[in-house]
Every structure is written in structure tokens, then in C-alpha cells.
Amino acid sequence: MLLPKKVKYRKMQKGKVRGLATRGSMLAFGEYGLKALDNGLLRSNHIEAARVLIARKMKGSGKLWINVFPAKPVTKKPAETRQGKGKGDLDHWVCPIHRGRILFEMGGVPEEFAKTIFRLVAFKMPVRTKFITRSGAA
């Protein structure tokens with residue numbers, strides 16, 4: 001599971017995930033990518049599930065780049081607990097995703113193969129996604 005090695009502050013305010021991605025919205029490494037079409041929170045277990053699926057399908061061929069990292073802590077109070085008594089304990093880590101953000105990139109494989117893998121990955125994502133290519137013919 002992905003999580004930061006060290007953080008300055010243990011807990012963070014929830015905030016809002018709105019607007020378009022200003023950074024990370026262009027392919028930087030590979031020829032093919034998976035782009036987010038919605039705003040949302042990507043949990044560390046979503047990223048890990050996608051990584052495992054891609055690693056199994058690629059069988060060592062090509063290269064994968066993961067462009068997102070869960071660095072935002074989310075807290076949760078225990079069930080059947082009264083209100084008050086401070087903020088809850090750390091529950092999981094998330095990565096805020098804005099529309100247009102490239103989540104994963106892939107290179108060194110045929111386009112149809114990359115498209116089928118990213119289609120399977122899209123089922124595991126909590127946001128709608130789109131397959132893109134460097135040529136832009138998707």
C-alpha cells in the first residue's frame with residue numbers, strides 16, 4: 001500500500017476537489033495514458049489494484065509509470081462514537097484527482113494491448129477515465 005514515508009502534519013482538513021488539472025495533464029513519459037474525466041479521491045488501494053493488474057497483464061514487457069501518489073491523510077471516527085472529543089484517527093491515504101489528470105502511462109507495447117489493459121484498469125478506478133495516446137488519435 002502506498003503512503004508517505006514521513007509527514008509534517010498527521011491530519012489534514014478535507015477540502016474540496018474542484019476544477020481542472022493544471023499540472024500532470026499531458027503525457028510526459030509513455031506513448032499511452034489513462035486520463036481522469038471526473039474529480040474525485042483516488043485511494044491507495046485503488047492505485048495498488050491497478051498496479052497489480054497491469055503488472056500481471058504485461059508480464060514484464062513494456063514500462064509503466066504511475067503519475068499519482070496518495071499523500072493526503074483521511075481520518076475516521078470509530079463506529080457508534082459520540083460527537084466531539086477531537087478529530088478521528090488516520091484511516092487511509094488519498095490522492096485528490098482533478099479533471100484532465102493523467103493517472104497512468106505506458107510505453108513499449110502495442111496500442112491495442114495498452115487499450116485493453118487500461119480498459120480493465122478503468123473498471124477499478126473511482127472516477128471516469130479515458131484512454132489517450134501521444135498522437136492524440138484516441
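The structure under discussion appears in the preceding block.
Read on for an overview of the structure.

Reading the values: rules and limits
Numbering of residues begins from 1 in every chain and follows the order in which that chain's sequence is written. Two thresholds apply to this predicted model, a pLDDT of at least 70 for residue-level local features and 80 or more for giving and counting side-chain atom pairs, whereas whole-chain, interface and lining totals are computed over all residues. Calculated side-chain values reflect all of the structure's heavy atoms, with hydrogen atoms and water omitted. We define a nonpolar core as any set of buried Ala, Val, Leu, Ile, Met, Phe, Trp, Tyr and Cys residues linked to one another through side-chain atoms lying within 4.5 Å. With a 1.4 Å probe rolled over the protein chains alone, any residue whose accessible area is under 20% of its type maximum counts as buried; one over 50% counts as exposed, and the rest are partly exposed. Per the convention used, a helix needs a DSSP run of H or I reaching at least four residues, while a strand needs a run of E reaching at least two, with both numbered from the N terminus. For this analysis, residues touch if any pair of their heavy atoms sits within 4.5 Å. Strand pairing follows a simple DSSP-based rule, namely that at least 2 bridges must link the two strands. Axes here mean lines fitted to C-alpha atoms, for a helix over just the part in contact, with angles spanning 0 to 180 degrees between N-to-C directions. Each Phe, Tyr or Trp ring (for Trp, its six-membered ring) is paired with any other whose centre lies within 6.5 Å, and the angle between the two planes then decides the class: stacked below 30 degrees, edge-to-face above 60, tilted in between.

### Let's talk about the nonpolar core
Link 1 in the chain: Membership of the largest hydrophobic core comes to 23 residues, with the highest contact counts inside it found for Leu42, Ile54, Leu103, Phe104, Met106, Phe118 and Val121.
Link 2 in the chain: For this core, the secondary structure elements donating two or more residues are strand 1 (32-36), helix 1 (44-58), strand 5 (89-97), strand 6 (102-107) and helix 2 (111-124).
Link 3 in the chain: If you tally residues by element for this core, the top one is helix 1, at 5 residues.
Link 4 in the chain: Residues contacting Val121, with those up to four places away along its chain left out, are Leu34, Ala50, Leu53, Ile54 and Phe104.

### Focus: the sheet that holds strand 4 (residues 72-76)
Link 1 in the chain: One open sheet accounts for 3 strands, arranged 2-5-4; its pairing is antiparallel. Two strands lie at the open edges of the sheet, namely strand 2 (40-43) and strand 4, each paired on one side alone. Here the strands of the sheet are splayed against their neighbours by 50° on average, with no regard to which way each runs.
Link 2 in the chain: The pairing of strand 2 with strand 5 spans 4 bridges and is antiparallel.

### Observations concerning the packing of aromatic side chains
Link 1 in the chain: This structure, assessed with the given rule, holds 3 aromatic pairs.
Link 2 in the chain: Residues Phe29 and Trp65 carry aromatic rings whose centres are separated by 5.8 Å and whose planes lie at 15° to one another, so their mutual orientation is stacked. Here the residue Phe29 occupies a position in the segment before strand 1, and Trp65 occupies one in strand 3 (residues 63-66), the gap between them amounting to 36 residues.
Link 3 in the chain: Judged by relative accessible area, Phe29 falls into the exposed class, the value being 51%.
Link 4 in the chain: Joined through ring pairs, the aromatic side chains of Tyr32, Phe118 and Phe131 make up one cluster.

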